[in-house]
Amino acid sequence: MRAELARKIAAYAAVEGDTATAIAGLRLYRRSVPTACTSAAYEPSLIVFLQGQKRINVGRSVYVCDGSNFLLTSVDLPVVSQVIAATKTEPMLCLALRLEMSAVREILSQHELHLEDGSTDARAMAVGVIFIELLDACMRLVNLLHTPQDIPYLAPLIEREIIYRLLRSPQGKHLRSIATLGEQGHRTSKAVEWLRMNYAKPLRVEQLAAMARMGVSTLHHQFRSLTAMSPLQYQKQLRLHVARERMLHDGLDAASAAFEVGYESASQFSREYSRLFGQPPIRDVKARRLSGAATTRD
């Protein structure tokens, strides 16, 4: 079944990079060669890998995924990722499905769904081993691309099934913690969301803690547990990611990009950029353009 799904994705994603589909929130990916480290912002989503191998760095945590894995992300995360195994004859192939937290909450609210208690320290990213029920649901979702007239009616049903399967898996606690109102994971996700929407503003941890209805030390612990980063590290990586994309796609110079994302010092921006991406902004952007890797989605 995995080989068959890989064949279908290869047929639809005939070009390098990501391919949007007629199903809202579903994208297909193909990479035929290993890539350099790429910055990206992962939204709440499920990524199912069918071929190849990819490494994803979140803070100091490292996740390696291959054709036997799925990756679950429950909040927006700035990441640095790299395709480490891919060839033209056996490209890296995967599908990504955006997850709507409203749908997750609706399923969790049903009295028929009984789940074991999970850890309150659930991470915002988790890797699992693909299981047959999840693979079958993903296959049926991709098959809908053959019959576009069925998508409005059947895609939402299959997506609900996928969420249900994820919630019942060992990785379900990572999704449930964020979706359940009142839990620390959900309150911490509110702080994450504020930072994502206001990355250019000065960070005041006390204000962030009040928003999450936590003490400052509790917020630091919960934030790091969830994202593998402190609030300051999260803001910094998000700023650098946005600045990189603005230079790549909008032609901003390094100083303009730095000030736009909230830096007051261009030299500090350059130092932190080099630390994260391995070389200064101008050299990095030039190398990315030459390699053809300048893409927001990886």
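This text follows the structure it describes.
Per-chain numbering applies: the sequence of each chain, read as written, is numbered from 1 onward. The predicted nature of this model means local features are confined to residues of pLDDT at least 70 and side-chain atom pairs, given and counted, to a pLDDT of 80 or more, with totals for whole chains, interfaces and linings taken over all residues. Excluding hydrogens and water, the side-chain figures rest on all heavy atoms present in the structure.

## Description of the packing of aromatic side chains
What counts here: Two aromatic rings from Phe, Tyr or Trp, using only the six-membered ring of Trp, form a pair when their centres are within 6.5 Å; if the ring planes differ by under 30 degrees the pair is stacked, by over 60 it is edge-to-face, and anything between is tilted. For every residue, the accessible area obtained with a 1.4 Å probe (protein chains only) is divided by the maximum for its type, and the residue is called buried under 20%, exposed over 50%, and partly exposed between those limits. Comment: elements are numbered from the N terminus, with helices defined as DSSP H or I runs of at least four residues and strands as E runs of at least two.
Inspection of every chain in the model, using the stated rule, returns five aromatic pairs. Ring centres of Tyr263 and Phe269 lie 5.3 Å apart, and the angle between their planes is 70°; this geometry places the pair in the edge-to-face category. You'll find Tyr263 and Phe269 in the same group, each marked buried. Measuring from ring centre to ring centre gives 5.6 Å for Phe269 and Tyr273, while their planes differ by 55°; the resulting arrangement is tilted. One end of the pair, Phe269, and the other, Tyr273, are both in helix α11 (residues 266-277), four residues apart, so they sit about a helical turn from each other.

## Structural notes on the state of the cysteines
Rule in force here: Disulfides are defined as pairs of cysteine sulfur atoms found within 2.5 Å of each other.
Scanning the model with the defined rule gives zero disulfides in all. This cysteine, Cys94, is not joined by any disulfide, and Cys65 carries the nearest cysteine sulfur, 9.3 Å off. Judged by relative accessible area, which is 3%, Cys94 ranks as buried. The structure places no disulfide on Cys138, whose sulfur is separated from the nearest cysteine sulfur, that of Cys94, by 11 Å.

## Points about the pattern of salt bridges
How we decide: Definition used for salt bridges: Asp or Glu carboxyl oxygen within 4 Å of a side-chain nitrogen of Lys or Arg.
Under the definition given, this model contains 14 salt bridges. Between Asp136 and Arg140 there is a salt bridge whose closest N-O contact spans 3.1 Å. Here Arg140 and Asp136 lie together in helix α3 (residues 132-143), a separation of four residues that amounts to about one turn. What makes Asp136 partly exposed here is its relative accessible area of 29%.

## A closer look at the sheet that holds strand β8 (residues 77-85)
Within a beta sheet, neighbouring strands are joined by backbone hydrogen bonds and run either parallel or antiparallel to one another. To keep things clear, this is the line we draw: Only strands that DSSP links by at least two bridges are regarded as paired with each other. Axis definition: a line fitted to C-alpha atoms, over the contacting stretch in the case of helices. Angles run 0 to 180 degrees between N-to-C directions.
In space, the four strands of this open sheet follow the order β3-β8-β5-β6, with antiparallel pairing throughout. Single-partner strands in this sheet number two, and they are β3 (38-42) and β6 (61-66). Between one strand axis and the next, the sheet turns through 30° on average, direction left out of account. In this sheet, β8 lies alongside strand β5 (residues 53-58) in antiparallel orientation, the contact comprising five bridges. Directly across from Arg55, in β8, lies its bridge partner Gln82.

## Some points on the environment of Glu260
Quick reminder of the rule: Contacts are assigned to residue pairs with any non-hydrogen atoms lying within 4.5 Å of each other. Nitrogen and oxygen atoms within 3.5 Å of one another constitute a polar contact, given that in protein one can donate a hydrogen and the other can accept it, and given that sequence-neighbouring residues count only through two side-chain atoms.
Relative to the helices and strands, Glu260 is located in helix α10 (residues 254-260). Of the residues examined, Glu260 reaches a relative accessible area of 39% and is grouped as partly exposed. C-alpha of Glu260 to C-alpha of Val242: the two residues are 18 residues apart in sequence and 9.4 Å apart in space. Once residues lying within four places of it in the same chain are set aside, the contact partners of Glu260 are Ala200, Arg246 and Leu252. A distance of 2.4 Å separates polar atoms of two side chains, one belonging to Glu260 and the other to Arg246.

By themselves, these are just geometric observations and shouldn't be taken as functional.
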